[in-house]
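Residue strings, one per chain:
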Amino acid sequence: MQSKGLKIALTTVVLVAAFGGLLWSTLRDGTEYYKHVDEVMTQPDAWYGKRLQLHGFVVADSILRRRDSLDYRFQVQNKGQVVTANYSGIVPDTFKSDAEVVLKGTLTHDGFAVEPNGVMAKCPSKYEPKPGALGPKGPGV
Amino acid sequence: MATLGAIILLTTFVVCIYAAAASIAGARRGSGRLIDSGVGALYLTTALMTVASGIIVHAFVVGDYTIKYVQHYSDTVQPLFYKITSYWGGLDGSIMFWVFLLSVFGAIAVSTNRERHRELIPYVVAIIAITEAFFLFLMVIHRNPFDTFLAQVPAEGRGLNPLLQNPYMVIHPPSLYTGFVGMTIPYAFGMAALITGYLDDAWLRAVRRWTMVSWLVLTFGLTLGMIWAYEELGWGGYWGWDPVENAGLLPWFTATAFLHSVIVQERRAMLRVWNVTLVIVTFMLTIFGTFMTRSGVVQSVHAFGEDRQLAYMFTVFMVAIAVISFGFVIYRLPLLRSRHELDSWASREAAFLVNNWILLFAALFVLFATMFPTLSEALTGQRLTVGPPFFNKWMAPIGLILLLLTGVAPLLAWRKTTLANLRDEFLWPTAAMAGGAAALLAAGVRVWSAGICFALCFFVTASIVQEFWRGARVRQEGTGTDVLTALIGLVDRNKRRYGGYIVHLGIVLAFLGFAGDGFKREEQVLLKPGQQTTVGHFMVRLDGVEVSDDGQKQMITGHLSVFEDGKAIGHMYPAKWFFRRHEEEPTTEVAIRRSISEDLYIVMPASDLKDQSASLHIVINPLVNWIWFGFAIIALGTGIALMPEAAFSFAAARLRFPEAANTTTSLLIVMMLAGLPALLRAQHVESGTTVPVIARTPLERAMQKKIICMCGTCGRQLLSECSCSLAVSMRAELAKLVSEGRTEQQIVDYYIAKYGSQEPLASPIDRGFNRLAWAFPYLLGAGGLVLVGTVAVKWSRRKPGADSPDAAAAPASAEDAALEARLDDELRDLD
């Protein structure tokens, strides 16, 4: 009876340790920090190269699009801190001046590099489709 | 009508409390009459909820916009069908729909099991009634769907979100819901068994079918959700590990585990603690899923809005369930001891056990990853998120191990498999897998993870075919019929086993589809008329963009020519639709060209009418249709497993209602039948079609939710939600006040001074006398609970004089007579 209890305990410990270790190691490269623009831009050095979800507001009239392409450059601000973002791909309908957005990507010395499908516009509408599902009808050029 | 509805909800709440109290007291005193009255009360809740549902559906159909909920989720131009389904379109109604379903299921479960599991029934009734009471409590004090506008009734409703106005969305949520609610019944029986200590397999037999039906409906709901996401949302996939999707998946894992471990308990009298635990966990996960989608704890693209108060109430309820349920499990541990030990790891029960562990681990993993952002914020203050790649990294191996077990378990014998047996059973399936793997390698399919998945599919299919084949051969030799007849006879003789194998076959097909996702290709391009792009072996050319209008919506359609391997194969028309009054939320109409081997999937997220250019998102989804096809097979298999062993033997046992409950119950059955068609329709999740309003500071956002629009026609809508022109100017005014640096109190004072009363405030000021208004509902709820407790205790105590034999004789005689009659019945049944 005792040896059975010991066996169960040992197995549990080994399994938990193995899964815990695996979970920890995969979590490290699977996670992204969820940050507001101002939290990141007050000390950008700490954040270069890290995967981020950046929360902020699109600066009015800052959206530029390269002619005949899906390359965007725009500015995002929060509490006075501003960062320039670069993105290539389709943006959601609600992506426009002053819109509240969450950007997925990494901070580089060139600005914030948004990954593909990484622009999510937050909308007060509670029932929203998948981010990136709806494209732009907002300002081009 | 709204008042009537609100009164009915309140009455139902009281009746539920009575049902719980009477049942518990009846069980403890051994009073058949109290128990019967508890059962009658449970039936009464079904009748009441049916009436309440009738009222709200009627309000939707006639467009009674005095009711806030109706105004919010429907409008006059909506087709009748969607008017009815708006019932479950929002938070309040979906909770009510939940209670309605539970009351119907509860009544059916109780009435079919009343005679056979008499000792369990009072507690089953009590647990169902308490669960109903909780949701009713939520509605009565916090989220009443019958709330009306006190003044200024709007003339028109706001309408259901266009995304939800499609047939999948009508069926998907109610089927998920039905699956969720159905899981309450096994929980109620499991708990009743724990409380009474009748922990043999009786309760398992009572709930096996329920769990299977609920499981099938849940699977159906999840599949429909995938189809909806795939066809309507237009992001190119079907499963995004969104918290709300995960909420539906969590109980699915544990319910699947339960369906398997039940077999082990029946065959080997093992895993009894485990089974009770699984039932409890499944129930808790359904409540948790409801909580997660409705409280705003996790950020999700399709959660209902944030609601802290609701979150607290749910938390209290869930903690109570956990403590009480597991408390009873621990209390009953001595009775739950297994009768057998695991003999060998090369046995079927061991394979089932491993399958259970993995399913439970999958549930825990998904739960952990879904809650991870919330957890990390609570623990470290940093919000960390995990995306679909993280889920996929873990779920792919988990899925593959499960798939392997699906093939291995049927090949193992109960108790112990001998070496000779092992070789005999595994020879052909392994050969099939090896052959398949060699062919795949030769074709250049990559090994991880699609290659392994396909190879395992070969293995599982071969093992299932072998099972059918061997069984049919044995039967053919025994009966001397042809193979086909033998096969049908085989399935008929053990429906659950062979139905289960067919379900497994469906799972294999679905896995083919999941593996196909690894070969997905996608491209985002901007095309001008005449330009073309190549994705895989398809070439897509834009011919132009066209605008049209059908009165209900404006449609922008892209005209595309599609070529496969250089040959023209036809035209595709992705579009965007802008519904009236929902111009801010255009819907995406995906163009899909389906085939057995792959789907060509094209979305046009944006277009420019000036130069006729269009942005296109082009996706090739290989094998995706096999997932839907797999579900059809799963449904077929479950249907076979569900067929009654001896057809309708349970129906032959006539229900005998005691005179006391007679009138209510027969009335109820009539009403249940009337309500049944409504069940076959469906419900939804939530829309909330508010106009985008951007608040620049948190204070401004908070204030927009505290001040209402004063235009007098929108009916006291919050400033953040109202779309009229006055609201726009009021928002501007608020923005100015905030930017002037005023505090919340100063702004409130400003509005009170401006309008001369508290009218512009959405809720009374939380101060002094007004605080009473806030506290009142809670006091009421707490008072009710205390009352129930006292009553239950009091009733269950025997009257002091009742113990002496002479005093007991007179009042108990009527009861005794009834009891004796029942005893006779039961003995007769035994003969």
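Residues numbered from 1 in each chain as written. Chains lettered and ligands numbered in written order. Predicted model: local features only at pLDDT ≥ 70, side-chain atom pairs only at ≥ 80, totals over all residues.

Visitor: Which residues make up the overall build of chain A, and what values go with them?
Guide: In terms of regular secondary structure, chain A is built from two helices and seven strands. Going from N to C terminus, chain A has its helices and strands arranged as α-β-α-β-β-β-β-β-β. The burial tally for chain A puts 43% of its 141 residues in the buried class. Nonlocal contacts in chain A, meaning residues at least 24 apart in sequence, comprise 53% of its contacts between residues at least 6 apart. (Helix = DSSP H or I, 4+ residues; strand = E, 2+ residues; numbered from the N terminus. Buried ≥ 20, exposed ≤ 12 C-beta atoms within 10 Å, placed from the backbone. Contact = placed C-beta atoms within 7 Å.)

Visitor: Any details on the packing of helix α10 (residues 243-268) of chain B against helix α13 (residues 348-380) of chain B? Residues and values, ideally.
Guide: Residue and element names in this part refer to chain B. Across the interface, α10 lies against α13 with an axial gap of 9 Å and an inter-helix angle of 160°. Our classification of the angle between α10 and α13 gives roughly antiparallel. As α10 packs across α13, the resulting crossing turns out to be left-handed. In the contact of α10 with α13, the residues fall into 14 nonpolar, eight polar and two charged. (Axes fitted to C-alpha atoms, helices over the stretch in contact; angles between N-to-C directions. Parallel < 35°, antiparallel > 145°, perpendicular 65-115°, else oblique. Left-handed = near helix turned anticlockwise from the far one by under 90°. Nonpolar A, V, L, I, M, F, W, Y, C, P; charged D, E, K, R; others polar.)

Visitor: Give me helix α16 (residues 447-479) of chain B: which residues, what numbers.
Guide: Across its 33 residues, α16 of chain B extends 45 Å between first and last C-alpha, which sits within 8% of the 48 Å expected from 1.5 Å per residue. Of the residues one or two after α16 of chain B, G480 of chain B is the one with positive phi, at around 75°. (Expected span 1.5 Å × (residues − 1).)

Visitor: Please provide a residue-by-residue account of the nonpolar core, values included.
Guide: If you look at the biggest cluster of nonpolar residues, it comprises 199 residues, and the most contacted ones within it are V124 and A192 of chain B. A total of 18 residues in this core trace back to one element, the largest contributor, which is helix α9 (residues 202-233) of chain B. For this core, the two domains that each supply at least three residues are domain 1 (1-165 + 668-685 + 772-797) and domain 2 (167-345) of chain B. When neighbours within four sequence positions are excluded, V124 of chain B is seen to be in contact with V110, A188, F189 and A192 of chain B. Formed by 28 residues, the second largest nonpolar core is a distinct cluster that contains V40, V83, A99 and V119 of chain A. (Core = buried A, V, L, I, M, F, W, Y, C linked by C-beta atoms within 7 Å. Domains from an automatic or database assignment.)

Visitor: How would you explain the environment of R28 of chain A if you had to name every residue and give the values?
Guide: Residues and elements named next belong to chain A. Here R28 shows up in helix α1 (residues 2-30). By the C-beta count within 10 Å, which is 8 here, R28 ends up exposed. Each C-alpha atom of the pair R28 and P92 lies 29 Å from the other, and the pair is 64 residues apart in sequence.

Visitor: Got a sec to walk through the confidence of the model for chain B? Specific residues and values, please.
Guide: Residues and elements named next belong to chain B. In the predicted model, chain B carries a mean pLDDT of 81, and 82% of its residues have values of at least 70. The model gives residues 647-693 a pLDDT under 50, and that stretch makes 100 contacts with residues more than four places away or in other chains. Predicted confidence for residues 800-812 stays below pLDDT 50, and this span has four contacts to residues more than four positions away or in other chains. (pLDDT = per-residue confidence, 0-100.)

Visitor: Tell me about unusual backbone geometry, residues and numbers included.
Guide: All names here are of chain B. At D565, a residue that is not glycine, the phi angle is positive and equals roughly 50°. Looking at the element boundaries, D565 is found in the loop between β5 (553-564) and β6 (567-572). Backbone geometry places Q612, a non-glycine residue, at a positive phi of 60°. With respect to the helices and strands, Q612 occurs in the loop between β10 (598-608) and β11 (613-622). Judged by the 18 C-beta atoms lying within 10 Å of it, Q612 is partly exposed.

Visitor: Help me get a handle on the environment of F288 of chain B, residues and values and all.
Guide: Along the polypeptide, F288 of chain B turns up in helix α11 (residues 272-295). For the pair F288 of chain B and A20 of chain B, spaced 268 residues apart in sequence, the C-alpha separation works out to 23 Å.

Visitor: Outline the pairing of β6 of chain B, listing residues and values.
Guide: Judged from the five bridges that link them, β5 of chain B and β6 of chain B form a sheet pairing that is antiparallel. By the bridge assignment for β6 of chain B, S561 of chain B is matched with H571 of chain B. (Pairing = 2+ DSSP bridges.)

Visitor: Explain the sheet that holds β10 of chain B to me, using residue names and the numbers behind them.
Guide: All names here are of chain B. Taken in spatial order, the four strands line up as β2-β11-β10-β9 in an open sheet, and their pairing is antiparallel. Each edge of the open sheet is held by one strand with a lone partner, namely β2 (521-527) and β9 (591-593). For this sheet, the mean inter-axis angle between neighbouring strands, taken without regard to orientation, is 15°. Here β10 runs beside β11; their pairing, made up of nine bridges, is antiparallel. Bridge pairing in β11 places I602 opposite I618.

Visitor: Tell me what's going on with the confidence of the model for chain A, and back it up with residues and numbers.
Guide: Mean pLDDT for chain A: 77, with 84% of residues reaching 70 or above. The low-confidence segment residues 124-141 of chain A, where pLDDT is below 50, has 71 contacts with residues more than four positions distant or belonging to other chains.

Visitor: Before we move on, could you go through the packing of helix α5 (residues 91-113) of chain B against helix α6 (residues 121-141) of chain B and cite the residues and values that matter?
Guide: Helix-helix packing: each pair is described by the crossing angle between the helix axes and the interaxial distance. Residue and element names in this part refer to chain B. One can describe the packing of α5 onto α6 by two numbers: an axis separation of 9 Å at closest approach and a directional angle of 170°. In terms of axis orientation, α5 runs roughly antiparallel to α6. Note on element contacts: α6 touches α5 through I121, V124, V125, I128, T131, E132, F135, L136, L138 and M139, opposite D92, I95, M96, W98, V99, L102, S103, G106, V110 and N113. Looking at side-chain class alone, the contact of α5 with α6 contains 14 nonpolar, four polar and two charged residues.

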